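# An overview of the molecular structure
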Amino acid sequence: MVQPFVRYRDAMRTAWGDWWLAWPLLQQVAVGDVLQQDSGGAVRPAGTLTGRRIPYEETTPRARGEFVFDAGGAVDVRFKASGTTDPLFSALAEAEAGALLRFGRENGVFVAYRGLTETGTPDARALAASLVSRYWQGSWDPELLAVTQVVRADTAAVLVATGAEAAVELRLATSLGAGPLQLADLAGGAEVARSRHLGFQWIGEHATPLFRVVRLRPKWLGGVRAEFGPAQPGRGLDGEPVPEVLLEEALADPSAVLETPPQPAGPEDAS
């Protein structure tokens, strides 16, 4: 069975490209975090840039509004205002506001984020030069990843179907029942009252759903090893400075030195 994370990741790629997705959604990620990816694809925390004495700056948060994705229109949504009845709703009282989502595809995905803000490192050249220097000194491994951008959400909802005719009945916060209900209202302001064939559900607050990482390009590393040999601990501290050509390359074109790798498939089914 395809993991819910893989379905979620693949659904989000059309809108967010090479951004990584936090999983589980409670995972908090910050600009300047360092991660390590092993040969099997598993990723784990490995400290921070600050802890490794690598300087960086972070931009002030920039508002990005809200984001709603309903798997290309394959999710049918029916709202129920408070004080009304609807025969399709079986778990909600008349006084309660709610929403019924019916997934038209077995692999349906519904995502809603509200209150999105983005922060990042504004100086890619300085970061590239710092990582080149640390690699030359033997204190930055090729498996390390640096988090350079983060998107936070005040509230979020992610629902992933795992079977045909999947459906979920949501109970919305009372305050949302006073006016017209919107898909974005499902982020944070809802709780599951009843579900069928739902493989993963997460509705909550203060999430870090999206982030970007960079690492030293394997092709660039291969060229450095071929010309200068493998990195040695302390090499750049014992009278052998970083070759000027490597620093110039990092400062002139950071993308020649750094890359954003694809996110691995993720952990086993965490639902």
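Residues numbered from 1 in each chain as written. Predicted model: local features only at pLDDT ≥ 70, side-chain atom pairs only at ≥ 80, totals over all residues. Heavy atoms only, no water.

### Comments concerning the environment of Ala-156
Inspection of the secondary structure puts Ala-156 in strand E8 (residues 144-161). We classify Ala-156 as buried; its relative accessible area is 1%. For the pair formed by Ala-156 and Asp-33, sequence separation is 123 residues and the distance between their alpha carbons is 22 Å. (Helix = DSSP H or I, 4+ residues; strand = E, 2+ residues; numbered from the N terminus. Buried < 20%, exposed > 50% of the residue type's maximum accessible area, 1.4 Å probe, protein only.)

### Looking at the sheet that holds strand E10 (residues 190-196)
With respect to topology, four strands assemble into an open sheet ordered E5-E6-E9-E10, the strand pairing being antiparallel. Strands at the two margins of the open sheet, each flanked by one partner only, are strand E5 (75-80) and E10. Mean inter-strand twist for the sheet, computed between neighbouring axes without regard to direction, equals 20°. (Pairing = 2+ DSSP bridges. Axes fitted to C-alpha atoms, helices over the stretch in contact; angles between N-to-C directions.)

### What about the pattern of salt bridges?
Scanning the model with the defined rule gives 14 salt bridges in all. Glu-118 serves as the salt-bridge partner of Arg-62, at 2.9 Å between the closest nitrogen and oxygen. Placement of the pair is Arg-62 in strand E4 (residues 62-69) and Glu-118 in strand E7 (residues 109-120), with a sequence separation of 56 residues. Counted as one network, the salt bridges with shared partners bring together Arg-9, Asp-10 and Arg-13. (Salt bridge = Lys/Arg side-chain N within 4 Å of Asp/Glu carboxyl O.)

### Section: the nonpolar core
Counting residues in each nonpolar core, the largest one holds 25 residues, and the members touching the most others are Val-132, Trp-140, Leu-216 and Trp-220. Elements with a contribution of two residues or more to this core: helix H2 (124-136), E8, strand E11 (198-216), helix H3 (218-228) and helix H4 (244-252). Sorting elements by how many residues they give to this core places H2 first, with seven residues. If near-sequence neighbours (up to four positions away) are discounted, Val-132 is found in contact with Trp-220, Val-242, Leu-246, Leu-247, Ala-250 and Val-257. (Core = buried A, V, L, I, M, F, W, Y, C linked by side-chain atoms within 4.5 Å. Contact = heavy atoms within 4.5 Å.)

### Focus: the packing of aromatic side chains
Both the distance between ring centres and the angle between the ring planes are used here to describe each pair of aromatic rings. Per the stated rule, a full pass over the model turns up nine aromatic pairs. Here the aromatic cluster, defined as three or more aromatic residues joined through ring pairs, consists of Phe-5, Tyr-8, Trp-23 and Phe-200. (Phe/Tyr/Trp six-rings, centres within 6.5 Å; stacked < 30°, edge-to-face > 60°.)

### Quick look at the pairing of strand E3 (residues 43-48)
When strand E2 (residues 33-37) meets E3, the two strands line up antiparallel, connected through four bridges. Residue pairing across strands places Asp-33 opposite Thr-48, the latter belonging to E3. Joining the antiparallel neighbours E2 and E3 is a turn of five residues, in which Gly-41 adopts a positive phi near 95°.

### Thoughts on the environment of Ala-128
Topologically, Ala-128 is positioned in helix H2. In this structure Ala-128 comes out as buried when scored by relative accessible area, which is 0%. Expressed as a C-alpha distance, the spacing of Ala-128 and Pro-230, which sit 102 residues apart in the sequence, is 19 Å. Every residue in contact with Ala-128, bar those within four places of it in the chain, is listed here: Ala-250, Pro-254 and Leu-258.

### Quick notes on H2
Between its terminal C-alpha atoms H2 stretches 18 Å, which fits the 18 Å expected from 13 residues at 1.5 Å a residue. Of the surrounding secondary structure, the elements contacted by the buried residues of H2 are E8, E11, H3, H4, helix H5 (254-257) and strand E12 (258-259). Of the residues flanking the end of H2, it is Gly-138, one or two places downstream, whose phi is positive at about 80°. (Expected span 1.5 Å × (residues − 1).)

### Comments concerning H4
Listed as buried for H4 are Leu-246, Leu-247 and Ala-250. Summarising the axial view, the buried residues of H4 lie within an arc of 95°, below the 170-degree limit, and thus occupy one face. Exposed side of H4, more than 90 degrees from the buried face: Glu-244 and Ala-252 are the residues found there. In this structure, the buried side of H4 is in contact with H2, H3 and H5. (Arc of directions from axis to C-beta.)

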